[in-house]
Amino acid sequence: MGIYAISGSASGMGAATRSRLEAAGNRVIGIDRRDAEVCADLGTAEGRAEAVDAAVDAAGGVLDGAVSAAGLGPPTAGALIARVNYFGSVALLEGLRPALAASGAAQVVQFGSNSSTITPNLPDELVAAYLEGREEDAVAIVGEADPAFAPAVAYAGAKLAVTRWCRRAAVTEPWVGEGVRLNVIAPGPVDTPLLRQGQADEVYGPLMEALPVPVTETPDADALAQWVEFLLSPVARFACGSVFYVDGGTDALIRSDDWPRSFIV
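Chemist: Quick one: what's the story with the overall build of the protein, residue by residue and with numbers?
Modeler: Within the protein, the regular secondary structure consists of eleven helices and seven strands. Taking 265 residues into account, the globule formula puts the C-alpha radius of gyration at 18 Å, and the protein, at 17 Å, falls close to it. Oriented by its inertia axes, the alpha-carbon framework of the protein measures out at about 45 × 40 × 40 Å. The 265 residues of the protein split such that 50% are buried. Within the protein, counting contacts between residues at least 6 apart in sequence, those at least 24 apart form 77% of the total. With the model as given, the accessible surface of the protein reaches about 12200 Å², and the carbon-plus-sulfur share is 55%. Here the protein contributes 18 positive and 33 negative side-chain charges, whose respective centroids are spaced 5 Å apart.

Chemist: Requested: an account of the nonpolar core, with residues and values cited.
Modeler: Ranked by internal contacts, the top residues of the largest apolar core, which has 54 residues, are Leu63, Tyr86, Leu100, Tyr130, Trp165, Trp175 and Leu182. When contributions to this core are tallied by element, the ones reaching two or more residues are β1 (3-7), β2 (27-32), α2 (45-58), α3 (78-101), α5 (124-131), α6 (135-143), α7 (150-170) and β6 (181-187). Ranked by size, the runner-up nonpolar core spans 19 residues in total, among them Met13, Leu21, Phe111 and Leu224.

Chemist: Describe the sheet that holds β6, and please don't skip the residues or the numbers.
Modeler: Read across the open sheet, the seven strands follow the order β3-β2-β1-β4-β5-β6-β7; overall the sheet is parallel. Two strands close off the open sheet at either side, each with one partner strand: β3 (38-39) and β7 (243-246). Taken together, the four bridges between β1 and strand β4 (residues 65-68) define a ladder with parallel strand orientation. Bridge assignment links Ile6 to a residue of β4, and that residue is Val67.

The rules we used
- Residues numbered from 1 in each chain as written.
- Predicted model: local features only at pLDDT ≥ 70, side-chain atom pairs only at ≥ 80, totals over all residues.
- Heavy atoms only, no water.
- Helix = DSSP H or I, 4+ residues; strand = E, 2+ residues; numbered from the N terminus.
- Rg over C-alpha atoms; globule rule 2.2 N^0.38 Å.
- Buried < 20%, exposed > 50% of the residue type's maximum accessible area, 1.4 Å probe, protein only.
- Contact = heavy atoms within 4.5 Å.
- Areas by Shrake-Rupley, 256 points an atom, 1.4 Å probe, with all protein chains shown as cover.
- Lys, Arg positive; Asp, Glu negative; His and termini not counted.
- Charge placed at Lys NZ, Arg CZ, Asp CG, Glu CD.
- Core = buried A, V, L, I, M, F, W, Y, C linked by side-chain atoms within 4.5 Å.
- Pairing = 2+ DSSP bridges.

The structure is reproduced here in structure tokens:
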């Protein structure tokens, strides 16, 4: 059995993934603001460093896998979403990478979102600020957005950027070259506290209700946790830098011809 670190382990899909891994006999080191082995704030540089150090220490320097599930969504303030969802996620993955490499065959899942591809008009400068590690610039760009929609811009931009970061990193020597497989799962609406928070908001609730989802039922957190469990299993070893849309068909409905497509060299 293995040792896994999970951020966002206290609720939602992180908690559901924890339950599945522990039921299979694995040891889980939870990372969250509360109710976790490692209590830390991924919205700050200090909290990120504390989370990495404590998780690596608890694992004895070796991790068999990790799940980056911590995240905030609308209507939470856009600046905090930017700090946690992108910069917190990347800092955690980078910080845990040596412990993952030490296992020789680790697998990692980052939670993305179908919002990264179905949200129109995301500012290119915001995505660039995320990917270039310019945290304060990213927060400032989010602050310039329409206040009503700044959280959605911060969220979708962060999920797009972290997905690109994972695809870029996954195929490099420090990751796949050292035996670490890194992939992204991109859900649509999932019945979690985060979704219900958005549904209760007077601005975002109607927008969520209007989102077209061909598979009409809303999955619970355990349904997505089963996907994560699969991506952490030996069967998924040939997945590297892949993005798995598990969104009931929304991305396919809205962007059916955008991918896959050929390219010219």
